[in-house]
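What follows is each chain in one-letter form.
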Amino acid sequence: EEAIFNFPAWMFSHYGLPKPLSYTHWLINNSFFFLALLSGLFIYNANKQKHLPFGVGILIWAIMNSIEHIFFSIHDMAVSPGLYTALLFLLIAVYGLNKLRVSGLLKIRLIGLSLLCAVGYWVIAFAAIIASGSALAARFPC
């Protein structure tokens, strides 16, 4: 959905980038988010009880990602690229968090640790994006 609605051009106009990213560069950047989240999923799956914050952190990351698309759609009074996926992510995250609440697992400590994991997923991905940005821009110009 983001590709169909030209997320790289949208990102350029909303985040003050020096120039739009090529689709290849943007897809590689997305892969950094995917790898960070996938790593969290592997950690969670290794011991679901012990590593629950890594799994719940993915739900919180989905909410954080959704907020960006929803906020800008409201701000711009236009559908932002990724809004429909963001709404789906939000529904899944709310459903998952509600299941945790109903089961009695959603405690303040879990929320705090999960928030740290969610922020960690962002930090890891953005660190990789920033570290590789110049090389990717040179290799895959717009």
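No experiment lies behind these values; they were computed from the predicted model shown. (Residues numbered from 1 in each chain as written. Predicted model: local features only at pLDDT ≥ 70, side-chain atom pairs only at ≥ 80, totals over all residues. Heavy atoms only, no water.)

(A) Structural context of the overall build of the protein chain. Within the protein chain one finds five helices and zero strands. Starting at the N terminus and ending at the C terminus, the protein chain contains elements arranged as α-α-α-α-α. Each principal axis of the C-alpha atoms in the protein chain carries an extent, and together these give about 50 × 35 × 20 Å. Taking the contacts inside the protein chain whose residues are at least 6 apart along the sequence as the reference set, 69% of them involve residues at least 24 apart. (Helix = DSSP H or I, 4+ residues; strand = E, 2+ residues; numbered from the N terminus. Contact = heavy atoms within 4.5 Å.)

(B) Looking closely at the packing of helix α2 (residues 23-46) against helix α3 (residues 52-76). Contact pair α2 / α3: the axes reach a minimum separation of 7 Å and the direction vectors enclose 145°. Our pair here, α2 against α3, has a crossing hand that is left-handed. Taking contact as the criterion, the partners of F33, L37, G40, L41, I43 and Y44 in α2 are, on α3, L52, F54, G55, I58 and W61. Split by residue class, the contact of α2 with α3 holds nine nonpolar, two polar and no charged. (Axes fitted to C-alpha atoms, helices over the stretch in contact; angles between N-to-C directions. Left-handed = near helix turned anticlockwise from the far one by under 90°. Nonpolar A, V, L, I, M, F, W, Y, C, P; charged D, E, K, R; others polar.)

(C) Representation of the layout of surface pockets within the structure. Of the volumes computed, that of the largest pocket is approximately 840 Å³. Around the largest pocket sit 36 residues that line it, and F7, M11, W26, N29 and F33 are the ones nearest its centre. Of all the elements in the fold, those that place two or more residues in the lining of the largest pocket are α1 (7-15), α2, α3, α4 (83-102) and α5 (108-139). By residue number, the principal contributor to the lining of the largest pocket is α2, which donates seven residues. A breakdown of the residues in the lining of the largest pocket according to their chemical character gives 23 nonpolar, nine polar and four charged. Roughly 210 Å³ of volume is contained in the second largest pocket. F34, L37, L38, L41, I58, L59, W61, A62, F89 and I92 together form the lining of the second largest pocket. (1 Å grid on protein atoms, 1.4 Å probe; cavity = no way out; pocket = protein on both sides within 12 Å on 5 of 7 lines; lining within 4 Å. Points joined across faces, edges and corners; volume = space filled by probe spheres on them.)

(D) Focus on the packing of aromatic side chains. Applying the stated rule across the entire model yields twelve aromatic pairs. Between F33 and W122, the ring centres sit 5.0 Å apart and the planes meet at 75°, which makes this aromatic pair edge-to-face. Of this pair, F33 sits in helix α2 while W122 is found in helix α5, placing the two residues 89 residues apart along the sequence. Note on accessibility: F33 and W122 belong to one class, buried. (Phe/Tyr/Trp six-rings, centres within 6.5 Å; stacked < 30°, edge-to-face > 60°. Buried < 20%, exposed > 50% of the residue type's maximum accessible area, 1.4 Å probe, protein only.)

(E) Summary view of a nonpolar patch on the surface. Judged by side-chain polarity, I4, F5, V79, Y84 and L87 come together as a nonpolar surface patch covering roughly 530 Å² of accessible area. Counting through the fold element by element, I4 comes out in the segment before α1. Judged by its relative accessible area of 69%, I4 is exposed. (Patch = residues over 30% accessible without salt bridge, like charges linked within 9 Å, V, L, I, M, F, W, Y side chains within 5 Å. Areas by Shrake-Rupley, 256 points an atom, 1.4 Å probe, with all protein chains shown as cover. Salt bridge = Lys/Arg side-chain N within 4 Å of Asp/Glu carboxyl O.)

(F) Molecular detail of unusual backbone geometry. In this structure, N6 is a non-glycine residue whose phi angle is positive, near 55°. Considering the arrangement of structural elements, one finds N6 in the segment before α1. In this structure, M77 takes a positive phi of about 55° despite not being glycine. When its relative accessible area of 77% is taken as the criterion, M77 is described as exposed.

(G) Examining α2 more closely. The terminal C-alpha atoms of α2 lie 34 Å apart, and with 24 residues this matches the ideal 34 Å at 1.5 Å per residue to within 8%. Those residues of α2 lying buried are H25, W26, N29, F32, F33, A36, L37, G40 and Y44. (Expected span 1.5 Å × (residues − 1).)

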